[in-house]
Amino acid sequence: MKLFNRIALVLTLLLLSLPAGSLAFGQSLTLGDCIALTLKENRTIKNAYLDRVVQKYDLRMAEETFTPTLKATPSITSSGGNGSTATTTMLGTTLTSSQNLPTGGSINLSANQSSTSTKNASPVNSYGWNINLTQPLLKGGGLDVGLEPLRLARINEQKNILNLKSTLMSTLTTVISAYRNYVKAIKSLEISKQSLKRSKDLIETNREMIAAGRMAAVELVQSEADLARQEFDLLSAENSLDKVRLELTKAIDIDKNSKILPQPETNIPPVPYTLEQAKQLAFDNRPEYLTALLSYENEKRALILAKNRTLWNLNLTGGYSETYTRGYGNSFNSGWNTGLALTIPLDDLYLLSSDRKAYLAEEITMKKMENDLARQREDIEIAVQDAMRNAEMSHRQIKLATLSRTLSEKKVEIETEKLKAGRSTNFQLVSFQNDLKNAQDAELSSITDYLNALTNLDNTLGITLDTLKVSLVERN
């Protein structure tokens, strides 16, 4: 038990000494584990969620557009003059409330109370309130104008969510590719070790045959040269392994000294979509395309607003007020008012105003956006077609690469037996062994390329998060 406690203490101290975000002792991580770790540790994703704090606050402020505001203004003043020793003091409070209307108008309500006191005089108290309405009937009026700030804020919120989705997709796609490259590098290192072992076994076979007088000593040079090359390739594979490990830790955004034991993917599914299905998925899910559609909707409303600004100003105004005074004598006053105010811009009679120019510019902008959307749809169709073709081609290459590797293994096995029987040469066997290594590398590359092609297809279609079952959960 004492030994066990000491070991536990040492392990605890080692864990405490590790930097934040590091993995110790070669922790085994599946691709799903790496994705979860990325969502937790990656600073690009953290920053994207931090941006959401301000973005959601902007939406909240816009949602309060039609919530009445209330403001209180207390005051105190003292005055005197004309040689009088009496000082007049006035205490007052004003309450003001404003309400924006969805029609573009506004209602303002105010109430005030004041108390004026002077030495040797009765205090005078005043109370009053008034309400005023302003409603544009032409320029600046209507639901399209009044509701536009709220509509724009909601559209921007949708854009912000799409930007977050795009950030998650690109980051996770990079991590997935780095993870598979790491798996590939580990397997490639194992292939190099196997090839090195075959070279060493061949040298042992050569030496036995030379000792038995069945092979000339000069034949050993071929095997030794191949052994040196295999050792060189092994060093290169080890260097590549550490390089892709660092790339993976950088993509996940964890400590560079973390030791990860990846788990190879055993499932190699077929391409899951037809070309037409893939195109529809892309149009329904690609963040940049959906963002462009939202921008187009904004532009259509901007055109409506620009046209509204070319109208004349015609404002309806109205109000009512009451005032009470108590002091030297009580009094009560009330009154109401209503009216229409029309402003005619005489310099606009020849269509030369800046508002009309802005309206023309909005028309041109909308037509350009329509052209851009049409071109974007064509670009998406081309990108989807390329991604589908690449995935389908890579899937077919796996079968061919597997067949090539199987046949190469048989070639090496047969040629090894022929060499032992004295019916082949070192040159031939070394050549076949190199063919086997190349075939193993080709099969490994074809599997990795196909899985990455599927991931790239998902990214092209904008469904990476759906495939990975990652939801856009807001963070506090």
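These numbers come from a predicted model, not from an experiment. (Residues numbered from 1 in each chain as written. Predicted model: local features only at pLDDT ≥ 70, side-chain atom pairs only at ≥ 80, totals over all residues. Heavy atoms only, no water.)

*Asks:* Explain the overall build of the protein chain to me, please; I cannot follow it from the model alone.
*Replies:* Summing up its helical and strand segments, the protein chain has 11 helices and 8 strands in all. Against the 2.2 N^0.38 benchmark of 23 Å for 476 residues, the protein chain shows a C-alpha radius of gyration of 40 Å, more extended than a compact globule. Taking the contacts inside the protein chain whose residues are at least 6 apart along the sequence as the reference set, 75% of them involve residues at least 24 apart. A total accessible area of about 28200 Å² is found for the protein chain, and carbon and sulfur atoms account for 57% of it. Looking at charge distribution, the protein chain has the averaged site of its 55 positive side-chain charges lying 4 Å from that of its 53 negative ones. (Helix = DSSP H or I, 4+ residues; strand = E, 2+ residues; numbered from the N terminus. Rg over C-alpha atoms; globule rule 2.2 N^0.38 Å. Contact = heavy atoms within 4.5 Å. Areas by Shrake-Rupley, 256 points an atom, 1.4 Å probe, with all protein chains shown as cover. Lys, Arg positive; Asp, Glu negative; His and termini not counted. Charge placed at Lys NZ, Arg CZ, Asp CG, Glu CD.)

*Asks:* It is not clear to me how the packing of aromatic side chains should be interpreted in this structure. Could you clarify?
*Replies:* Where two aromatic rings form a pair, the distance of their centres and the angle of their planes describe that pair. Under the defined criterion, the tally for this structure stands at 3 aromatic pairs. On the basis of an interplanar angle of 55 degrees and a centroid distance of 5.5 Å, the ring pair of Trp129 and Tyr320 is categorised as tilted. A residue pair is termed long-range when its members are at least 10 positions apart, and Trp129 in strand E5 (residues 124–136) and Tyr320 in strand E7 (residues 313–326) qualify at 191 residues. On the basis of relative accessibility, which here comes to 30%, the residue Trp129 falls in the partly exposed class. The exposure class assigned to Tyr320 is partly exposed, which follows from its relative accessible area of 27%. With 5.5 Å between their ring centres and 55 degrees between their planes, Phe283 and Tyr289 make a pair best called tilted. (Phe/Tyr/Trp six-rings, centres within 6.5 Å; stacked < 30°, edge-to-face > 60°. Buried < 20%, exposed > 50% of the residue type's maximum accessible area, 1.4 Å probe, protein only.)

*Asks:* Please explain the packing of helix H7 (residues 275–285) against helix H9 (residues 354–420) as it appears in this structure.
*Replies:* Describing two packed helices takes the angle between their axes plus the distance from one axis to the other. Packing of H7 against H9 leaves a shortest axis separation of 10 Å and a crossing angle of 135 degrees. Judged by the inter-axis angle, H7 sits oblique to H9. Note on packing geometry: the crossing formed by H7 with H9 is right-handed. Between H7, through Leu275, Ala278, Lys279, Ala282 and Phe283, and H9, the contact on the second element is made entirely by Arg377, Ile380, Glu381, Val384, Gln385 and Met388. Considered class by class, the residues forming the contact of H7 with H9 number 7 nonpolar, 1 polar and 3 charged. (Axes fitted to C-alpha atoms, helices over the stretch in contact; angles between N-to-C directions. Parallel < 35°, antiparallel > 145°, perpendicular 65-115°, else oblique. Left-handed = near helix turned anticlockwise from the far one by under 90°. Nonpolar A, V, L, I, M, F, W, Y, C, P; charged D, E, K, R; others polar.)

*Asks:* What is the right way to look at a nonpolar patch on the surface in this model?
*Replies:* A grouping of Leu137, Leu138, Leu311, Trp312, Leu340, Leu342, Ile344 and Leu346 is seen on the molecular surface, where their side chains present a nonpolar patch of about 750 Å² in accessible area. Of note, Leu311 is situated in the loop between helix H8 (287–308) and E7. (Patch = residues over 30% accessible without salt bridge, like charges linked within 9 Å, V, L, I, M, F, W, Y side chains within 5 Å. Salt bridge = Lys/Arg side-chain N within 4 Å of Asp/Glu carboxyl O.)

*Asks:* Sorry, what's going on with helix H2 (residues 31–41) here?
*Replies:* When we look at burial in H2, the residues that qualify are Leu31, Cys34, Ile35, Leu37, Thr38, Leu39 and Glu41. Lining the buried residues of H2 we find strand E1 (27–29), helix H3 (43–63), helix H5 (148–211), helix H6 (220–252) and helix H11 (464–468).

*Asks:* Would you explain the pattern of salt bridges in this entry?
*Replies:* Between side chains of opposite charge, a pair can form as their charged atoms come close. Applying the stated criterion across every chain, the model contains 22 salt bridges. The partner of Glu276 in a salt bridge is Lys279, and the shortest N-O contact between them spans 4.0 Å. Of this pair, Glu276 and Lys279 both sit in helix H7, 3 residues apart, which is roughly one turn of the helix. Note on Glu276: relative accessible area 55%, which makes it exposed.

*Asks:* In this structure, what is going on with the environment of Leu31? I would like to understand it.
*Replies:* Looking at the element boundaries, Leu31 is found in helix H2. The exposure class of Leu31 is buried, given its relative accessible area of 13%. With 144 residues separating them along the chain, Leu31 and Val175 place their C-alpha atoms 9.0 Å apart. Leu31 has contacts with Ile176, Tyr179, Arg180 and Glu265, leaving out every residue within four places of it along the chain.

*Asks:* For this particular structure, what's the right way to read the confidence of the model for the protein chain?
*Replies:* Low-pLDDT stretches of the model should not have their predicted coordinates read in fine detail. Confidence along the protein chain averages 87 in pLDDT terms, with 91% of residues attaining 70 or more. Of all secondary-structure elements in the protein chain, the lowest mean pLDDT belongs to helix H1 (residues 2–17), at 36, while H7 reaches the highest, 96. Here residues 1–22 is a poorly scored stretch, pLDDT under 50, and it has 13 contacts once near neighbours within four places are set aside; other chains count. (pLDDT = per-residue confidence, 0-100.)

*Asks:* What should I look at first to understand unusual backbone geometry in this one?
*Replies:* Note on backbone geometry: most residues besides glycine have negative phi, and most peptide bonds are trans. Backbone geometry places Asp253, a non-glycine residue, at a positive phi of 80 degrees. Topologically, Asp253 is positioned in the loop between H6 and strand E6 (260–262). On the accessibility criterion, Asp253 (16% relative accessible area) is buried. Notably, Lys469 is not glycine yet its phi reads approximately 60 degrees, a positive angle. With respect to the secondary-structure elements, Lys469 resides in the segment after H11.

*Asks:* Which parts of the structure should I look at to understand the sheet that holds strand E2 (residues 69–79)?
*Replies:* Strand pairing in a sheet relies on backbone hydrogen bonds. The paired strands run either parallel or antiparallel. Read across the sheet, 6 strands follow the order E2-E3-E4-E5-E7-E8 without closing on themselves; strand pairing throughout is antiparallel. Since the sheet does not close on itself, it has two edges, and those belong to E2 and strand E8 (331–343), each with one partner. On average, each strand axis in the sheet is tilted by 10 degrees relative to the strand beside it, whichever way the strands run. In this structure, E7 lies alongside E8, joined through 13 bridges in antiparallel fashion. (Pairing = 2+ DSSP bridges.)

*Asks:* Please clarify how the side chain of Glu157 should be interpreted in this entry.
*Replies:* Considering the arrangement of structural elements, one finds Glu157 in helix H5. For Glu157, a relative accessible area of 11% puts it in the buried group. Setting aside its immediate chain neighbours within four residues, Glu157 contacts Arg52, Gln55, Lys56 and Leu59.

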